[in-house]
Amino acid sequence: MEQNAEDYKLIFEKEGVYLHTNAKRSNLDNTIPGFIRIVERAGVPALEWSPLEDEGRSAPAVLYTKKDGEGGEEDTNFDPGYEPDWAVISTVKKDREQVPVRDSGQWSFSLPLSELYSLRRARFSLGRNFLVLTSRGGHPLPPLHFHRGGTRELLRAMQRYIILDQSPVDGRLFLAYPHDSGALSQSFDKLQLFDDGGSDLVSRFIQDPYATTFGGFSKVTNFFKAALRPPDSPVHHSRPTQDPSLPPQSDDEPGFELITCGVELGPRPRVTRGQPLENWEEFLDPEGRVKNPERIKEIVFRGGITPPLRKEVWKFLLGFYSWNSTSKQREDILRLKTDEYFRMKVQWKSVSEEQEMRNSLLRGYRSLIERDVSRTDRHNTFFSGNDNPGLTLLHDVLMTYCMYNFDLGYVQGMSDLLSPILFVTQNEVESFWCLTGFMELVHQNFEESQEAMKQQLLQLSILLRALDPELCDFLDSQDSGSLCFCFRWLLIWFKREFSFEDILTLWEVLWTRLPCDNFHLLIACSILQSQRGELIGSDHDFNTILKHINELTMKLDLESVLLGAEGIYLQLIQCKELPLKVQQVLGLYVPSSSEEDSPNSQASETAGLLSQSEAGAASCSSARVPTYP
């Protein structure tokens, strides 16, 4: 295609910029060398990348912009790494153009600089430097890896057309604005906080919850920074030794500066595990009341429970019995709960085949349960073989739960939660009521909207970025920043990642709710950090990262993971300037009801982010820290 010389002007060009395609086919390299350019086409500046093979072409093959509301196609190459019916995340849709990988030229893109929303920059200790650019529609471009330097020159050229303003939330993130300073003082509506767009927001949330959420906050904080800045003051406050037209730099090419996120963590404390709970009778008064429930939880958190005591203590941890009940009261509770259970069981047992044919919901629940029961923990002797009584109990308890909570009914994965409980209690009634107690903690994981799962992935992202920004940057560069490969971990609390015996210990530790309610997220952080050496510097792409994580099943050492998770918790709470969002995830800071209900709560949170250091120090000093050994 011919280009009118008057309509085309080359502003900047740099060779040796590699695009990582994450191509899954074995006959294709997943890195493509090419050129990065800034050009003006008919007076409109644009950032363009094209492979070396396209050197003679005048325009990239793909215009990498999308109109609002334009949906992405389902990623047919997505490999969940385990059985297809478990792949809840396989239905996640990509917002990117589906780019064929047959010809490297098809990976070219062109983005008008007016459509650039943010730029994330990072440096790995192993020398892998990259930029991640995101459009105003929330669509990230493929990561650009600068193998021969040139980022400073690129940024200088971009500054001719746009302003790059550093986000106060993330030091690696820069928000792009036009030179017209009026754009920084728009109303909140025009700023389009979170780019509210219905299903598009949900898909972006799953694809990159950190960037989606904190990107929104960055818009607000930059709005306030512009509003408070004197009219004649410069947009950037650069160091005297640096070019004021550039974002802060601490070293020259070929490397990047390693910018911290404002979280300076001290050394990770070393912790030890203790002995499991035994001598249960010592904790009971003459009437059978538990004298010191908190001490019991502390011992369980530190060392678990000896197998002979598990059944009894689990019933307290899961709410079947209250801690202050007497032995006599517990006998009455068991009798009442037994009657209630069998009343519910009779409800579904008495439904005739003809009635069930007219009840598609119940029929669907039964079909799912029968399918899942037939393959749940069949390696365990309690559930192995055909016509096993354990399988019958598993089926009946799950069907009865559908009567107990018909709105939720049965969702795949609930059989995984029940089987260890049934194995320990070996009792239909007790296992049912313990399951209901467990579901009180995790039922939101199974809701159709998956809002709780999205929230937990976001919280995990917040924690991991505070702990290990380099690992987060690597995952971002490989389209894995969403942490969707942790979905199964969080959904059923690592049930398929550890051995059956280990999961008994892990769950009773988590049921203590020590040292915080989100300790399961710290477990996930501990596992991810244990794998950082395998991930960073490797040739893993999105699919191979997912494959690697799923291949950790039954290979993880529970003791090491628990020690790592507790060490992470202690390391974080000892930070004097812990970001407010991290404090909230750890339960160290809980907004008051007036803050949550106030129409100005968003503005209050923004103000808190703007003064993050002061708020972090104050909140840490008055934080509610659980007591445990």
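As the structure is a computational prediction, the values presented were derived from the model and not from experiment. (Residues numbered from 1 in each chain as written. Predicted model: local features only at pLDDT ≥ 70, side-chain atom pairs only at ≥ 80, totals over all residues. Heavy atoms only, no water.)

1. Thoughts on the overall build of the protein
Helix and strand content of the protein: 24 helices and nine strands. Here the protein, with 629 residues, has 56% of them falling under the buried criterion. Of the contacts made within the protein by residues no fewer than 6 positions apart, 71% connect residues no fewer than 24 positions apart. Put simply, the protein shows about 28000 Å² of open surface, and 49% of that area lies on carbon and sulfur atoms. (Helix = DSSP H or I, 4+ residues; strand = E, 2+ residues; numbered from the N terminus. Buried < 20%, exposed > 50% of the residue type's maximum accessible area, 1.4 Å probe, protein only. Contact = heavy atoms within 4.5 Å. Areas by Shrake-Rupley, 256 points an atom, 1.4 Å probe, with all protein chains shown as cover.)

2. Focus: the nonpolar core
Counting residues in hydrophobic clusters, the biggest one holds 119 residues, and the most contacted among them are L277, W280, L506, F519, L522, I523 and L586. Once residues lying within four places of it in the same chain are set aside, the contact partners of F519 are F301, V509, L510, L514, L562, A565 and E566. Counting residues in each nonpolar core, the second largest holds 29 residues, with L47, W49, L116 and L164 among its members. (Core = buried A, V, L, I, M, F, W, Y, C linked by side-chain atoms within 4.5 Å.)

3. Let's talk about the side chain of S477
Along the chain, S477 turns up in helix α14 (residues 469–477). A distance of 3.4 Å separates a polar atom in the side chain of S477 from a polar atom in the side chain of Q478. (Polar contact = N/O pair within 3.5 Å; in protein donor to acceptor, adjacent residues only side chain to side chain.)

4. Regarding the environment of V373
Tracing the sequence through the fold places V373 in helix α9 (residues 360–373). In sequence terms V373 and L393 are 20 residues apart; their C-alpha atoms lie 9.8 Å from each other. When residues no more than four places from it in sequence are discounted, the contact partners of V373 are R378, L391, L394, H395 and L398.

5. Let's talk about the pairing of strand β2 (residues 31–41)
Counting buried residues in β2 gives ten out of eleven residues, a clear majority hidden from the surface. Pairing between β2 and strand β3 (residues 44–51): eight bridges, direction antiparallel. Bridge pairing links I36 to W49 in β3. (Pairing = 2+ DSSP bridges.)

6. A closer look at the pattern of salt bridges
A side chain of one charge can pair with a side chain of the opposite charge when the charged atoms of the two come close. Enumeration over the complete set of coordinates arrives at 33 salt bridges. A salt bridge links D372 to R375, with the shortest nitrogen-to-oxygen separation between them at 3.5 Å. Overall, R375 belongs to the partly exposed group, its relative accessible area being 40%. Between E497 and R488 there is a salt bridge; the shortest N-O distance is 3.1 Å. Here E497 matches R488 in class, with each residue buried. (Salt bridge = Lys/Arg side-chain N within 4 Å of Asp/Glu carboxyl O.)

7. Overview of the packing of helix α6 (residues 307–317) against helix α16 (residues 500–511)
A pair of packed helices is characterised by two quantities: the angle between their axes and the separation of those axes. Contact geometry of α6 with α16 gives a least axis separation of 10 Å together with a crossing angle of 35°. Seen along the crossing, α6 lies across α16 with a hand that is left-handed. Contacts from R310, W314 and L317 in α6 reach E501, L504, T505, E508 and W511 in α16. Considering only residue class, the contact of α6 with α16 consists of four nonpolar, one polar and three charged. (Axes fitted to C-alpha atoms, helices over the stretch in contact; angles between N-to-C directions. Left-handed = near helix turned anticlockwise from the far one by under 90°. Nonpolar A, V, L, I, M, F, W, Y, C, P; charged D, E, K, R; others polar.)

8. Things to note about unusual backbone geometry
Residue P515 is reached from L514 by a cis peptide bond, and omega for that bond is -10°. Looking at the secondary structure, you find P515 in the loop between α16 and α17 (519–530). Phi is positive for N279, which is not a glycine, with a value near 55°. Within the chain, W493 stands out as a residue other than glycine whose phi angle is a positive 50°. Relative to the helices and strands, W493 resides in the loop between α15 (487–491) and α16.

9. Observations regarding α9
Taking 1.5 Å per residue, 14 residues should reach 20 Å; α9 reaches 20 Å between its end C-alpha atoms and fits that length. Among all positions in α9, only L362, Y365, R366, I369, D372 and V373 are buried. Buried residues in α9, looked at end-on, bunch into an arc of 140°, giving them a common side. The elements touched by buried residues of α9 are α7 (327–349), α8 (353–357), α10 (389–404) and α11 (414–425). (Expected span 1.5 Å × (residues − 1). Arc of directions from axis to C-beta.)

10. What to know about helix α20 (residues 558–573)
For an α-helix, 3.6 residues make a turn, and residues three or four places apart therefore share a direction. Between its terminal C-alpha atoms α20 stretches 23 Å, which fits the 22 Å expected from 16 residues at 1.5 Å a residue. Among the 16 residues of α20, 13 are classified as buried, and the element is accordingly described as predominantly covered.

11. A closer look at the state of the cysteines
Joining two cysteines, a disulfide is a covalent bond between their sulfur atoms. Applying the stated rule across the entire model yields zero disulfides. C486 supplies the cysteine sulfur nearest to C484, a cysteine that is in no disulfide, at a spacing of 8.3 Å. (Disulfide = S-S within 2.5 Å.)

12. Observations concerning the packing of aromatic side chains
This model, assessed by the stated rule, comprises 23 aromatic pairs. With a centroid separation of 4.8 Å and an interplanar angle of 90°, the aromatic rings of W314 and W511 are classed as edge-to-face. In this pair, W314 sits in helix α6 while W511 sits in helix α16, placing the two residues 197 residues apart along the sequence. Each member of the pair, W314 as well as W511, carries the same accessibility label: buried. Pairwise contacts between aromatic rings join Y341, F342, Y401, Y404, F432 and W433 into one cluster. The ring of Y321 has R330 sitting right over it, with the charged end atom 5.9 Å from the ring centre. K337 extends its terminal NZ or CZ atom over the ring of W433, reaching a point 4.2 Å from the ring centre. (Phe/Tyr/Trp six-rings, centres within 6.5 Å; stacked < 30°, edge-to-face > 60°. Lys NZ or Arg CZ within 6 Å of the ring centre and 35° of its normal.)

13. Some details on the packing of α7 against helix α12 (residues 428–442)
With their axes 10 Å apart at the nearest point, α7 and α12 run at an angle of 85° to one another. Regarding the angle of α7 to α12, the classification is roughly perpendicular. Here L334, K337, T338, E340, Y341, F342, M344 and K345 of α7 come into contact with α12, specifically with E428, V429, E430, F432 and W433. Split into classes, the residues belonging to the contact of α7 with α12 amount to seven nonpolar, one polar and five charged. (Parallel < 35°, antiparallel > 145°, perpendicular 65-115°, else oblique.)

14. Focus on the confidence of the model for the protein
Residues of the protein with pLDDT of at least 70 account for 67%, and the chain-wide mean is 75. Confidence over residues 23–29 falls short of pLDDT 50; this stretch has eleven contacts with residues more than four positions distant or in other chains. In this model, residues 56–104 is a region of pLDDT below 50 whose contacts with residues beyond four sequence positions or in other chains number 107 contacts. (pLDDT = per-residue confidence, 0-100.)

15. Notes on the environment of G274
The residue G274 is located in the loop between α4 (209–228) and α5 (293–303) in this model. For G274, a relative accessible area of 30% translates into the label partly exposed. Along the sequence, G274 and I299 sit 25 residues apart, while their C-alpha atoms lie 7.5 Å from each other. If sequence neighbours within four positions are ignored, G274 has contacts with R302 and G303.

16. A short note on the environment of S415
Relative to the helices and strands, S415 is located in helix α11. Accessibility expressed as a relative area gives 2% for S415, which makes it buried. Sequence spacing of S415 and L398 is 17 residues, and the spatial spacing of their C-alpha atoms is 7.3 Å. The residues contacting S415, other than those within four sequence positions of it, are D372, T376, L394, L398 and Y410.

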